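Here are the chains, one letter per residue:
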Amino acid sequence: MKCLLVLLFMKTICESTSNAAEVLRPRGVSLSLASLYDASKEFHCLDGSGMVPFKYVNDDYCDCQDGSDEPGTSACPNGSFHCTNAGHIPLNIPSSRVNDGVCDCCDASDEYNSNSGCVNTCRELGRAAREEARRAQEEQARGYQLKVNMIQEGVNIIKNKKSKIEELRSSLAEAEGERGEKEAVKNEAEEKEKAALEKYRVIMEEKDAAKRAEEQAKEEQEAREAFAHLDSDADGILVVDELISRSMFDTNRDGQVTPEEAKFYLREEESVNLETFISTTWKMMRPVYMMDHRSFIPPTMTPPAEEEIPTPPEEEPMPEEEEEEYDDMDEEGEIEGDEDIEELDPDHDPEDEGDDDDDYSMGDGDEEVEATETDEIKYDDETQQLVDAAEAARSTFTESDKRVRDITREIKHIEDTLNIDFGPEEEFRILEGRCFEYTDREYTYKLCPFDKAVQKPRSGHGETRLGQWGLWTGEEDKKYSSMKYTDGQGCWNGPNRSAEVRLLCGVENKLVAVSEPNRCEYQFVFQTPAVCFKPEPLSEEEIEHTHTEL
Ligand code: MAN
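Residues numbered from 1 in each chain as written. Predicted model: local features only at pLDDT ≥ 70, side-chain atom pairs only at ≥ 80, totals over all residues. Heavy atoms only, no water.

K.L.:
Would you mind showing me how to read a nonpolar patch on the surface here?
P.N.:
On the surface, a nonpolar cluster with roughly 230 Å² of combined accessible area is contributed by L33, L36 and L46. Tracing the backbone through its elements, the reader meets L36 in the loop between α1 (2–15) and β1 (43–44). We classify L36 as partly exposed; its relative accessible area is 44%. (Patch = residues over 30% accessible without salt bridge, like charges linked within 9 Å, V, L, I, M, F, W, Y side chains within 5 Å. Areas by Shrake-Rupley, 256 points an atom, 1.4 Å probe, with all protein chains shown as cover. Salt bridge = Lys/Arg side-chain N within 4 Å of Asp/Glu carboxyl O. Helix = DSSP H or I, 4+ residues; strand = E, 2+ residues; numbered from the N terminus. Buried < 20%, exposed > 50% of the residue type's maximum accessible area, 1.4 Å probe, protein only.)

K.L.:
Got a minute to help me understand the confidence of the model for the protein in this structure?
P.N.:
In regions of low pLDDT, the predicted coordinates are not meant to be interpreted in detail. The share of residues in the protein with pLDDT of 70 or more is 78%, and the mean pLDDT across the chain is 83. Between residues 1–21, whose pLDDT stays under 50, and residues either more than four places distant or in other chains, the model counts 22 contacts. Across residues 314–374, where pLDDT falls below 50, the model places 73 contacts with residues more than four positions away in sequence or in other chains. (pLDDT = per-residue confidence, 0-100. Contact = heavy atoms within 4.5 Å.)

K.L.:
How should the packing of aromatic side chains be read in this particular structure?
P.N.:
Each aromatic ring pair is specified by the distance between its two centres and by the angle formed by the two planes. All chains considered together, the criterion is met by 19 aromatic pairs. Measuring from centroid to centroid gives 5.7 Å for W469 and W472, while their planes differ by 75°, and the two rings are edge-to-face. For the pair W469 and W472, a shared accessibility class is recorded, and that class is buried. Arranged with centres 4.9 Å apart and planes meeting at 65°, the rings of W472 and Y480 form a pair that is edge-to-face. Residue W472 is classed as buried on the basis of its relative accessible area, which comes to 9%. (Phe/Tyr/Trp six-rings, centres within 6.5 Å; stacked < 30°, edge-to-face > 60°.)

K.L.:
How should the packing of helix α2 (residues 122–230) against helix α9 (residues 381–418) be read in this particular structure?
P.N.:
Geometry of a packed helix pair, given as the angle between the helix axes and the separation of the axes. Between α2 and α9, whose axes approach to 7 Å, the crossing angle comes to 160°. By the angle class used here, α2 and α9 are roughly antiparallel. Note that α2 runs across α9; the crossing there is left-handed. (Axes fitted to C-alpha atoms, helices over the stretch in contact; angles between N-to-C directions. Parallel < 35°, antiparallel > 145°, perpendicular 65-115°, else oblique. Left-handed = near helix turned anticlockwise from the far one by under 90°.)

K.L.:
Explain unusual backbone geometry here, please?
P.N.:
Excluding glycine, residues mostly have negative phi values, and the peptide bonds linking residues are mostly trans. At D60, a residue that is not glycine, the phi angle is positive and equals roughly 70°. Within the element layout of this structure, D60 appears in the loop between β2 (51–52) and β3 (80–83). Judged by relative accessible area, which is 52%, D60 ranks as exposed. Phi angles above zero are rare outside glycine, and C520 is one such case at about 70°. Its location among the elements puts C520 in the loop between β13 (510–518) and β14 (521–528). Judged by its relative accessible area of 3%, C520 is buried.

K.L.:
Teacher, can you tell me more about the nonpolar core here?
P.N.:
Among the nonpolar cores identified, the biggest contains 27 residues, and F428 and F524 are the most heavily contacted of them. Among the secondary structure elements, those contributing two or more residues to this core are β8 (443–448), β10 (464–472), β11 (482–487), β12 (498–505), β13 and β14. Ranked by size, the runner-up nonpolar core spans 23 residues in total, among them V240, V257, M284 and M290. (Core = buried A, V, L, I, M, F, W, Y, C linked by side-chain atoms within 4.5 Å.)

K.L.:
Which parts of the structure should I look at to understand the state of the cysteines?
P.N.:
Disulfides are covalent bonds that connect the sulfur atoms of two cysteines. Per the stated rule, a full pass over the model turns up 8 disulfides. Covalent S-S linkage joins C103 and C118, the inter-sulfur distance amounting to 2.0 Å. Given an S-S torsion of about -90°, the disulfide between C103 and C118 has left-handed geometry. Here C103, found in the loop between β4 (91–94) and α2, pairs with C118, found in the loop between β4 and α2; they are 15 residues apart in sequence, far enough to count as distant. The exposure class assigned to C118 is buried, which follows from its relative accessible area of 17%. Disulfide pairing places C491 opposite C520 at an S-S distance of 2.0 Å. Its torsion about the S-S bond being 65°, the disulfide of C491 and C520 is classed as right-handed. Linking C491 in the loop between β11 and β12 with C520 in the loop between β13 and β14, this pair joins segments that are 29 residues apart in sequence. Comparing C491 with C520, the two get one shared label, buried. (Disulfide = S-S within 2.5 Å.)

K.L.:
For this particular structure, what's the right way to read the pattern of salt bridges?
P.N.:
Any two side chains of opposite charge can pair, so long as their charged atoms come close to each other. Applying the stated criterion across every chain, the model contains 28 salt bridges. Of the charged contacts, one joins R97 and D104 as a salt bridge, the two residues approaching to 3.8 Å between their closest N and O atoms. The partner of R394 in a salt bridge is E190, and the shortest N-O contact between them spans 2.9 Å. Placement of the pair is R394 in helix α9 and E190 in helix α2, with a sequence separation of 204 residues. Classification of R394 by relative accessible area gives partly exposed; the value is 23%. Judged by relative accessible area, E190 falls into the partly exposed class, the value being 23%. Within the structure, one salt-bridge network assembled from shared partners comprises K186, E190, E193, E391 and R394.

Put into structure tokens, the structure is as follows:
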């Protein structure tokens, strides 16, 4: 049995070595742990849990708790087997996979005692991996070179923007000076204009006063005419009985005018004389009176506004047709359109603007209407020139003022963009103002770095805002590896849309993927040289060394 174990150990040592230069070590042990497996000493379990004679190593019986005495067999459930994989990348696999019939190691060392027929493919795989690593390294190098250019461009942009700001500041100083001058000219012109218009102000006021007096006289005339109309016995006193015969005062529409109804319009008096009628009664009565005469409104009379019509006591709901008739009046209380008049009164004859009461007659007021509508004042030549000059000065000032505001706005805009964090070396600055698209089965996504992210259905509907430029969100020293666009359009029953953009090194600025891992939360993948690092150049031996642990 002892003999057999020694033989097995010898075999293990031999099988784990592929050339004379390799360090002898038990099967499944990595080069870094080789010194812990010294055949001339007892073996100390690597977790310190015990010590066994060296011959127990790889004897297919698990002695150590951590499985370290069985690196080359599957005896320990928690053991680990190391494949050297010479020519490619070394690998540690759970020792349960040793001789399980599946090729895990490319050098086939995990299947040394099975019928799996594994062959060593490490050389080919290693070559392909090295090729890939070289390609990736070249890509990094090219990307980094492009990043250097991006940095240079970013720095140039800043330089240009700063000098543009300088330029604008001096234009601003000039524009402000000019604006000051124009303002002084304007103020002076306006002073003169104001003085010149002063005399017209007096004229205007007089004109207004005259207009008011005229309106008052017109109203008084209306009152007189109405009084004459209602005062049937023409004795100069209007009494309740005289109103009772007028159906217009039948406020509850019951077919008769009661003394109470009549008195209401006389402001609870039994009688009124002309003077009282003009000063107080007419104001109360006018709306009803005018309504009653609505199909004939003499030019001197202005129809009442709806709200002017007083609400009589115990008024009953108005019959529907009546309401419709009220509706025919516009906000000023005017009847809208002649057709309406004709509809209300089919016998209406514009020529025969007499009235429905034969004894009714009103004066002709055509000229007066015109008189109230001609308010334009024509200035004398000198005043007109001053008004024109002030107008021209105002407009020149407005132009100057606009120029100042435009320049100020432009400076602010440039300063704002200078304050955006375009990366530690300004490498992202040249992406400002550019947009990149990616189309999947349903949508075309657009990323405009430092501005917005949007989504547009391929079916042609409108764009959906996924977010506005927000902030860099990469972790710690990788802050510039991802960015976030926030506050996009609201999502039905969900959060506002937002997009996270992961940045990967590539030789081109390109949107390469978009997904929606959670509803209304989008993930973009953007390739850019701006995140490529300067690669450490590796010599051929170094590459070989990295991939081939001896
Ligand atoms: C639209 C798109 C989708 C999103 C739904 C949410 O269809 O913006 O990406 O998931 O709205 O309702």
